[in-house]
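Observations on the model geometry
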Amino acid sequence: MSAAIIDGAAISKSILAELKTEVQELQQSHAVVPGLVTILVGDNPASLSYVTRKVRTALELGFHEVQENCDADISEKDLLALVERYNQDSSIHGILVQLPLPDHIDEKKVIYAIDPDKDVDGFHPVNIGRLLLGGDEVRFPPCTPAGIQELIVRAGVELEGAEVVVVGRSNIVGKPIANMLLQKNPRANATVTVVHTRTRDLAAHCRRADILIVAAGVAGLVKPEWINPGCCVIDVGVNRVGEKISSKTGKPVAILRGDVDFDAAKEIAGSITPVPGGVGPMTITMLMKNTLASCRARL
Ligand code: NAD
């Protein structure tokens with residue numbers, strides 16, 4: 001039987017509708033709207049495309065959106081000063097610095113300079129620490145892991161006691177999602193294993209997963225025979241494997257593939273996210289959710 005497709009685009013749309021209602025209520029009750037600044041350095045096409053989508057979504061929700069497009073040669077000192085300006089700006093509740101930054105800027109310094117109470121990406125060490133502690137401590141769960149958790153919950157997949165295997169141990173996906181799903185709460189309570197490039201038998205770990213989360217960035221890494229029948233497969237990977245001409249614009253666009261062989265895997269899995277249209281749309285949605293939460297916390 002073919003797996004249920006977890007439609008991230010549709011789930012994302014319904015969460016955004018919920019957020020929009022909340023924004024309107026907040027505006028009526030407290031005369032305040034969430035404020036988000038997006039800081040882009042240079043003109044990397046992928047970064048530009050991500051920022052454009054974030055700005056568009058924020059505006060659609062009725063946020064106060066400020067866009068800062070900096071030249072690629074902005075000095076580290078000036079970028080830090082810009083971040084500090086928005087740390088002090090009370091109309092701004094979320095600061096998003098689009099990564100990666102050019103080589104002459106120390107990314108870590110910039111992330112550390114963001115006020116943890118405005119760090120809606122959830123990358124500041126203070127917020128990573130809070131995430132680890134769990135419960136009431138958590139302020140801003142990082143957006144992609146938060147989107148993954150939301151997809152699993154909204155797809156009705158049981159997390160309580162589930163064997164979760166996470167492929168990848170990056171700071172932005174693997175490590176935070178593993179920590180989020182092992183917390184003691186009804187949206188987690190899973191038994192989590194993290195596997196990576198030094199794991200001895202990747203296949204054996206994957207085969208016993210009730211929920212398999214793959215964030216390696218290697219197209220087709222997970223073979224169909226590694227999938228436990230009925231498993232929930234969350235494919236985070238986004239790999240450019242070629243180009244095609246868009247039927248809409250007539251221009252070349254990237255062909256994207258996940259880390260899982262989708263066509264074969266969907267015949268074995270119980271549910272699965274597509275690429276694109278699975279985890280991707282959720283990341284921006286969770287950024288908006290964090291910005292709204294930051295605005296509420298300020299009231
Ligand atoms: P990363 O390169 O920082 O980390 C990849 C991890 O996978 C590493 O920990 C590495 O140990 C592990 N890995 C790599 N190859 C492996 C292999 N052959 N066997 C076992 N483990 C292996 O990447 P990242 O930033 O975590 O992103 C991972 C993927 O997710 C990328 O394709 C990225 O584009 C995608 N991504 C998507 C979104 C989204 O919103 N959809 C967000 C973030 C990342």
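Residue positions within a chain follow its written sequence, with the count starting from 1. The model is predicted, so local features are restricted to residues of pLDDT at least 70 and side-chain atom pairs to those at 80 or more, both for listing and for counting; the totals for chains, interfaces and linings are taken over all residues. Remark: hydrogens and water are excluded; side-chain values derive from all non-hydrogen atoms of the structure.

Describing the sheet that holds strand β4 (residues 94–97)
Strand order in the open sheet made by the 3 strands is β3-β2-β4, with parallel pairing throughout. Only two strands of the sheet have a single neighbouring strand rather than two, namely β3 (64–70) and β4. Averaged over all pairs of adjacent strands, the angle between their axes in this sheet comes to 15 degrees, without regard to strand direction. Throughout, a contact is declared for two residues whenever any of their heavy atoms are within 4.5 Å. Orientation is described by lines fitted to C-alpha atoms, with helices fitted over the stretch in contact, and by angles between N-to-C directions that extend from 0 to 180 degrees. Here a strand is any run of E in DSSP of at least two residues, a helix any run of H or I of at least four, and the numbering for each starts at the N terminus. With respect to the sheet, helix α10 (residues 279–298) is in contact with β2 (35–41) and β4, its orientation differing from that of β2 by roughly 130 degrees. Here, strands pair whenever DSSP counts at least two bridges between them.

With respect to the site of the ligand
Here a residue is near a molecule or strand as soon as one of its heavy atoms is found within 4 Å of it. Surveying the vicinity of the ligand reveals 20 residues, the closest of which are R169, S170, G217, V238 and T283. Contacts to the ligand include A215, whose backbone N or O atom sits 3.5 Å from an oxygen atom. One of the side-chain nitrogen or oxygen atoms of T283 is found 2.7 Å away from an oxygen atom of the ligand. Looking at side-chain class alone, the shell around the ligand contains 9 nonpolar, 10 polar and 1 charged residues. N or O atoms closer than or at 3.5 Å make up a polar contact, with two conditions inside protein: a donor-capable atom paired with an acceptor-capable one, and, for residues adjacent in sequence, both atoms drawn from side chains. Classification used: nonpolar for Ala, Val, Leu, Ile, Met, Phe, Trp, Tyr, Cys and Pro, charged for Asp, Glu, Lys and Arg, polar for all others including Gly.

So, empty space enclosed by the protein
Here a cavity denotes a set of grid points, spaced 1 Å apart and computed over the protein atoms alone, in which a 1.4 Å probe fits but from which it cannot get out, and a pocket denotes an open set meeting protein on both sides within 12 Å along at least five of seven lines; residues with an atom within 4 Å of a point are reported as lining. Grid points are joined across faces, edges and corners, and a volume is the space filled by probe spheres set on the points. Across all of its chains, the model carries 1 cavity of 30 Å³ or more by this definition. The volume enclosed by the largest cavity comes to roughly 60 Å³. Around the largest cavity, the lining residues are I95, L96, V97, L99, I111, I114, D119, D121 and F123. Looking at the lining of the largest cavity element by element, the count peaks at 3 residues for β4.

Description of helix α1 (residues 8–30)
Here a helix's expected span is defined as the number of its residues, less one, multiplied by 1.5 Å. Its 23 residues give α1 an end-to-end C-alpha distance of 32 Å, which sits within 8% of 33 Å, the value for a rise of 1.5 Å per residue. Of the residues making up α1, those classed as buried are G8, I11, S12, I15, L16, L19, V23 and L26. Looking at the buried side of α1, the elements it contacts are α2 (45–60), α6 (143–154) and α10. Between the side-chain oxygen at the start of α1 and the backbone nitrogen of A9 there is a gap of 3.1 Å, and the oxygen is on D7. Just beyond α1, the residue with positive phi is A31, at close to 50 degrees. Exposed residues in this analysis have more than 50% of their type's maximum accessible area, buried residues have under 20%, and partly exposed residues fall in between, with area computed by a 1.4 Å probe over protein chains only.

Focus: unusual backbone geometry
The omega torsion across L99 and P100 is 5 degrees, close enough to zero to call that bond cis. Tracing the sequence through the fold places P100 in the loop between β4 and α4 (107–113). Cis geometry is found at the peptide bond from V275 to P276, where omega equals 0 degrees. Structurally, P276 is set in the loop between β11 (271–272) and α10. Not every positive phi belongs to a glycine, and A31 is a case in point at roughly 50 degrees.

A short note on the pattern of salt bridges
By definition, a salt bridge exists where a carboxyl oxygen of Asp or Glu is found within 4 Å of a side-chain nitrogen of Lys or Arg. Applying the stated criterion to the full structure yields 11 salt bridges. Note that K289 is salt-bridged to E150, the shortest N-O span being 3.8 Å. Here the residue K289 occupies a position in helix α10, and E150 occupies one in helix α6, the gap between them amounting to 139 residues. For K289, a relative accessible area of 35% translates into the label partly exposed. Of the residues examined, E150 reaches a relative accessible area of 5% and is grouped as buried.

With respect to the sheet that holds strand β8 (residues 232–235)
Reading across from one edge, β1-β11-β8-β7-β5-β6 is the order of the 6 strands in this open sheet, with parallel pairing throughout. Taken across any chain shown, the strands that pair with only one partner, and hence form the sheet edges, are β1 (4–5) and β6 (191–195). Across 2 bridges, β8 lies against β11 in parallel orientation. Following the sheet pairing, V233 is matched in β11 by I272. Helix-sheet contacts for helix α7 (residues 174–181) involve β5 (163–167), β6 and β7 (211–214), and the interaxial angle to β5 is about 170 degrees.

A word on the packing of α6 against α7
Here α6 crosses α7 at 45 degrees, and the two axes come no closer than 9 Å. Judged on the interaxial angle alone, α7 and α6 are oblique. Both α6 and α7 take part in a crossing whose hand is right-handed. On α7, the residues that touch P145, A146, I148, Q149 and I152 of α6 are P176, I177, M180 and L181. For the contact of α6 with α7, a count of residues per class yields 8 nonpolar, 1 polar and no charged. Between 65 and 115 degrees an angle is taken as roughly perpendicular, under 35 as roughly parallel, over 145 as roughly antiparallel, and anywhere else as oblique. Crossing handedness is read from the near helix: turned anticlockwise from the far helix by less than a right angle, it gives a left-handed crossing, and turned clockwise, a right-handed one.

What about the packing of α1 against α10?
Orientation of α1 relative to α10, taken along the N-to-C sense of each, is 20 degrees, at an axis distance of 9 Å. Here α1 is positioned roughly parallel relative to α10, judged by the angle of their axes. In this structure, α1 meets α10 at a crossing whose hand is left-handed. In this structure, α1 uses G8, A9, I11, S12, I15, L16, L19, E22, V23 and L26 to contact α10, whose residues at the interface are P281, M282, T285, M286, M288, K289, L292, C295 and R296. For the contact of α1 with α10, a count of residues per class yields 13 nonpolar, 3 polar and 3 charged.

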